[in-house]
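Structure assessment
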Amino acid sequence: MKTLDELLVDAEVAHGHLCAGQVLGVRLAMRGLELLGIDDPHGKDRKRLITFVEIDRCATDAVGVVTGCRLGKRALKFRDWGKVAATFVDLESGKAVRVCAKESSKALARQLHPEIANKNQQQMLAYREMSNDNLFTEQWVKVVLPPEELPGYKGERIVCAKCGEGINFLREIRREGTILCRGCAGEQYYEEIL
Ligand SMILES: [Zn+2]
Ligand SMILES: [Zn+2]
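Our subject in this report is the structure included herewith. Everything numeric here is computed off the predicted structure, so don't read it as measured data.

**Focus: the packing of aromatic side chains**
- As enumerated under the stated definition, the model contains 2 aromatic pairs in all.
- Ring centres 5.0 Å apart and planes at 70° place the aromatic pair Y153 and F169 in the edge-to-face group. Of the two residues, Y153 sits in the loop between β5 (136–141) and β6 (157–159) while F169 sits in the loop between β7 (166–168) and β8 (173–175), which places them 16 residues apart along the sequence.
- The partly exposed category is assigned to Y153, whose relative accessible area is 32%.
- When its relative accessible area of 6% is taken as the criterion, F169 is described as buried.
- The side chain of K95 reaches across the aromatic face of W140, ending 5.8 Å from its centre.

What follows is the structure in structure tokens.
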């Protein structure tokens, strides 16, 4: 496993800047991997890990950098809960651990470094120094992953009866004998401009 400093350099490159969220995200992912006993996520442990992230902010990019889990590999899952938390699933052992940043960590950063006025700088330094106990809550959990959620799973591709667009396995909706994509079934996130 790379050191915190090495991972922060990688995170800065991937994210475009170094910020408190990067430090928190790197520490959070390091802690998750440590608890699972995974020390080479980019090498020999490459295919062992699935990560669920619960927020779409800075820390998430850092979690991706440390774990090597990516959306395009089906190894990074996003659950929009607005929490600085992630669940790390070890496919080899079946174990999973959820790590969540403590709300109290901001106040503790203020206490530790009152001499630093800039909040981001203050938290960046404090989040490097604070113990895992002060930064995170941890819980062992069980995550059920059906085959189609795993990286590399290949299945049938079918076509939506309404729009004619192709859909990957098991993402379709079957309604009254018809196969529909999620959009045509009413889950559209956009409105068509006519
Ligand atoms: Zn950032
Ligand atoms: Zn459709």
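**Observations regarding helix α2 (residues 20–36)**
- Here α2 contains 17 residues, and its C-alpha end-to-end distance of 25 Å stays within 8% of the 24 Å for a straight helix at 1.5 Å per residue.
- Counting buried residues along α2, 13 of its 17 residues qualify, which places the element largely inside the surrounding structure.
- Remark: G37 follows α2 within two positions and exhibits a positive phi of approximately 75°.

**A closer look at the environment of K142**
- With respect to the helices and strands, K142 occurs in the loop between β5 and β6.
- For the pair K142 and A101, spaced 41 residues apart in the sequence, the C-alpha separation amounts to 20 Å.

Scoring rules and cut-offs
Throughout, residues of each chain are indexed from 1 in the direction in which the sequence is written. As they are written, the chains are lettered A onward and the ligands numbered 1 onward, keeping that order. Given that the model is predicted, a residue must reach a pLDDT of at least 70 before its local features are reported, and side-chain atom pairs must reach 80 or more before they are shown or counted; all residues, however, enter totals for whole chains, interfaces and linings. As a rule here, side-chain values come from all non-hydrogen atoms in the structure, and water together with hydrogens is ignored. Pairs were defined over the aromatic rings of Phe, Tyr and Trp, the Trp ring being its six-membered one, requiring ring centres within 6.5 Å. Orientation was assigned from the angle between planes: stacked under 30 degrees, edge-to-face over 60, tilted for the rest. For helices the rule is a DSSP run of H or I covering at least 4 residues; for strands it is a run of E covering at least 2, with both sets numbered from the N terminus onward. Note on exposure labels: buried denotes an accessible area under 20% of the residue type's maximum, exposed denotes more than 50%, and partly exposed covers the range between, all computed with a 1.4 Å probe on protein chains only. Definition used: whenever NZ (Lys) or CZ (Arg) falls within 6 Å of the ring centre and also within 35 degrees of the ring normal, the charge is taken to sit over that ring. In this analysis, the expected span of each helix is defined as 1.5 Å times one less than the number of residues it contains.

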